[in-house]
Structures are given as structure tokens and as C-alpha cells.
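One letter stands for each residue in the lines below.
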Amino acid sequence: MIDFDQLRRELTTEHRGVWKKLTDRIRWLEGRRPWLIGLGVFGAFVGTMSRSVDDKALSLTMQVGGGLTALLCGVAAAAFDFKKIELSSSLSKVEEVAEKAIDAGKVTQALLEQETQTWREQDRRRVHRLNALANMIEMIEQCLTSELDTASTASEALNVAIYDLVAAIGFDAGEYWTLSVFEIDLAEDEAFRIAAGWADRAGAESDGRSWRKGEGYTGTAWSDDAEVIEGNTSDRRVQRRFSVPNAKARSYDLDRYRSVVCIPIRTGSGTDRRIWGIVTATSNKVDRFKDEAPGTELQAVDMVRDVARMMALLAITDKFSEHDDIIESD
């Protein structure tokens, strides 16, 4: 990659060298100016003295020779001055073009370095994303083989992948984030948290809040059967839409949950299609999750969608396992 600062230093060095050469050339020219002026004066003197010569031929020769000498010396002196101006002007133009080229090159290089950094960050997150998916699938298989219940399996799958999930989403150090899996209990008509990963370990180990249809972000995703993606929850319109009952509201909600995404976990198809649960991720960083087309962001929302797909796989597999148990008991 081109080092434009080094190029500018080289240009400065060359600039000094060229100016030195130009100065030397001007000095050389100026050193000959007295001779030209003296020769021109001598020619003029000869032309003047020709009037005092009686010989017409000699007088004419002196007039023509003296006048021509004076003219040539004057032209040469003028040419010297023009050459100095021309050299200085050309050098200034070249230097100006070179400076513009270096400045444009530095801007282009900065943009390229920024794009390169973005590509590297995307690649790094993709690697973590693939690792998270592989780890979750492997853990789900192991837990199902061990006949672990759904809630425990979901928790184990989330825990084993949490490092890669955090890296794939892009949570920063010091950022307060949460990643929770809710299972809907149709009998209770409520969504209960069965697995969680938090920046605060104590929060992940707590029971957390459960949500009914239409309550908060998770309950709204459930009632609307649609994704909820909010980049800045401090907006009054957002707060009115995702209202929380006073009994479940917390004083820190607005500060901790500034950006939210809720992805429904769907199972079945057609008439059997239903929402099994919700994956909810939050952050205290504005625009951590943004409502954009899949794949256009650095996969923060896409990674949460992947977790929902893994939990849907768990729910479907668990459903088939229960069905097989019923057949065997019959």
C-alpha cells in the first residue's frame, strides 16, 4: 500500500532540489546579464559613432552592426526574464498537481482501509456465527439423546454458544446486554423465560419476568406474531406502543433496554403453525439492533434470528419425541 506521507516527504525533498537547480540556473542567467547589457550598450555606442565616420560604407556597417547587437542583447535579456517566470510557474503548477494527487490518494486510502476493516469485522463475526450455530446444534443433539427436558436443553444450548453469540452480535465490553429465550405456556397464557445470557451474570441466573400477550416487547411480538426491532426505545411513540404493566415495570428499563429485538419461535405449518416462544435480545446501546433488510447489518439481528431457528428445531424435535413416547405407551 502506498505511503502518501512518505510520498509527500519525497516530494518536499525533490521540491527543494528542483528549486536549488532553478536558483542556480537563474544565478547563471543573471551572471550573464551585465555582459549582455554591456554588449548592448557597446552596440548602441557603435551605432551612434557611425554618424561621425565620413566613409558611408563603414558608417552603414557600424549602424547596422551596432543596432543589431543592441537589439539582440535586449531580446536576450528579456528572454532571460521570461524563462525565469516560465520555470517558476511550471514548477508551481507541477507541485500543486502533486499535492492534490497526494491529498486525493490519502482520502482514497483512508476509505479503503475503513472498508477493509469493515470486511474483516464482518468475516470475524461470520466465523463466530457459524461456531455458535454448530455448538448449539451439537448441544441440542447431546441433550435430546440424554433425554433432558426442553428448558434445560435450551439453557445448555445457549450457554455453550454464548461466547460466539456475543462476538457475532458485536456486543462491546462494558455494554449491558441480554439474550433470553421465552417459552409460551398455553395453559398459563404466559411466556416464561427458560434460558438466558446476560452481561450481568446475576441477571442471567435470576428468574426474570414473564410476559402475557401484548405486554412489553416480548408480549407484543407474541400477540402480533411478528418480529419487533427497535433501535431506540427512548422514543415516546415506542414507549406508548410497548407499554408494560406497572407491576412489571422496573426503574432501570429505559436505561438498560435502549435497543431491542424480539424474534418469534415458530413451529409447524398451515393450520398447525403456532408460536412456541420468543427470543428477545436487548442492549443499552442505541441502534445495536436496527430494522434493516437481513444481511445488510453486521448480523446483530440475523444472529438472534438464528437462535430462534435453533430453538424452533429444539421445539419440533421435542414435539416428535413426545409423540413417539405416546405411541410407545399405547
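For clarity, every value in this text was computed on a predicted model and none was experimentally measured.

1. Some points on the overall build of the chain
A count of helical and extended segments in the chain gives eight helices and five strands. Listed by position from the N terminus, the elements making up the chain come as α-α-α-β-β-α-α-β-α-α-β-β-α. Across the 330 residues that make up the chain, the buried fraction comes to 35%. Summed over all atoms, the accessible surface of the chain reaches about 19800 Å², with 55% contributed by carbon and sulfur.

2. Overview of the side chain of Thr-153
As for its placement among the helices and strands, Thr-153 is situated in helix α3 (residues 150-169). You can call Thr-153 buried: its relative accessible area is 0%. A distance of 2.9 Å separates a polar atom in the side chain of Thr-153 from the backbone oxygen of Asp-149. Contact partners of Thr-153, with chain neighbours within four places excluded, come to Ile-140, Cys-143, Leu-148 and Leu-314.

3. Some remarks on the pairing of strand β1 (residues 177-185)
In terms of burial, β1 is a largely internal element, seven of the nine residues being buried. In this structure, β1 lies alongside strand β2 (residues 190-198), joined through eight bridges in antiparallel fashion. The partner of Glu-183 across the bridge, within β2, is Phe-192.

4. Brief notes about the pairing of β2
Taken across its nine residues, β2 has eight buried, putting it largely inside the fold. Linking β1 back to β2 in an antiparallel pair, the connection comprises four residues, with Asp-189 at a positive phi of about 55°.

5. Details of the packing of aromatic side chains
How two aromatic rings sit relative to each other is given by the distance of their centres and the angle of their planes. Going through the model one piece at a time under the given rule, you end up with four aromatic pairs. An angle of 5° between the planes, with centres 5.0 Å apart, marks the rings of Phe-171 and Trp-177 as stacked. As far as burial versus exposure is concerned, Phe-171 and Trp-177 are alike and both buried. Summarising the aromatic geometry, the rings of Phe-171 and Phe-289 are spaced 6.2 Å apart at their centres and angled 80° between planes, so their arrangement reads as edge-to-face. Within this pair, whereas Phe-171 is found in the loop between α3 and β1, its partner Phe-289 is found in the loop between β5 (274-283) and α8 (300-329), the two being separated by 118 residues in sequence. A residue is classified by how much of its surface remains accessible, and Phe-289, at 0% relative accessible area, is buried.

6. Concerning the sheet that holds β2
Adjacent strands of a sheet form backbone hydrogen bonds with each other and so pair up, either parallel or antiparallel. An order of β2-β1-β5-β4-β3 is seen for the five strands of this open sheet, with the pairing classed as antiparallel. Looking at strand neighbours, the two that pair on one side only are β2 and β3 (228-230), the edges of this open sheet. Each neighbouring strand pair of the sheet contributes to a mean axis angle of 20°, computed without reference to strand direction. Pairing analysis gives three bridges linking β3 to strand β4 (residues 259-267), with the strands arranged antiparallel. Bridging from a neighbouring strand, Glu-230 pairs with Val-260 of β4. Across the face of the sheet, α3 comes into contact with β1, β2 and β5 while running at roughly 35° to β2.

7. A few points about the confidence of the model for the chain
Any region with low pLDDT has predicted coordinates that should not be read closely. In the predicted model, the chain carries a mean pLDDT of 77, and 62% of its residues have values of at least 70. This stretch, residues 320-330, has a pLDDT under 50; its non-local contacts, to residues over four places away or in other chains, come to zero contacts.

Conventions we followed
Residues numbered from 1 in each chain as written. Predicted model: local features only at pLDDT ≥ 70, side-chain atom pairs only at ≥ 80, totals over all residues. Heavy atoms only, no water. Helix = DSSP H or I, 4+ residues; strand = E, 2+ residues; numbered from the N terminus. Buried < 20%, exposed > 50% of the residue type's maximum accessible area, 1.4 Å probe, protein only. Areas by Shrake-Rupley, 256 points an atom, 1.4 Å probe, with all protein chains shown as cover. Polar contact = N/O pair within 3.5 Å; in protein donor to acceptor, adjacent residues only side chain to side chain. Contact = heavy atoms within 4.5 Å. Pairing = 2+ DSSP bridges. Phe/Tyr/Trp six-rings, centres within 6.5 Å; stacked < 30°, edge-to-face > 60°. Axes fitted to C-alpha atoms, helices over the stretch in contact; angles between N-to-C directions. pLDDT = per-residue confidence, 0-100.

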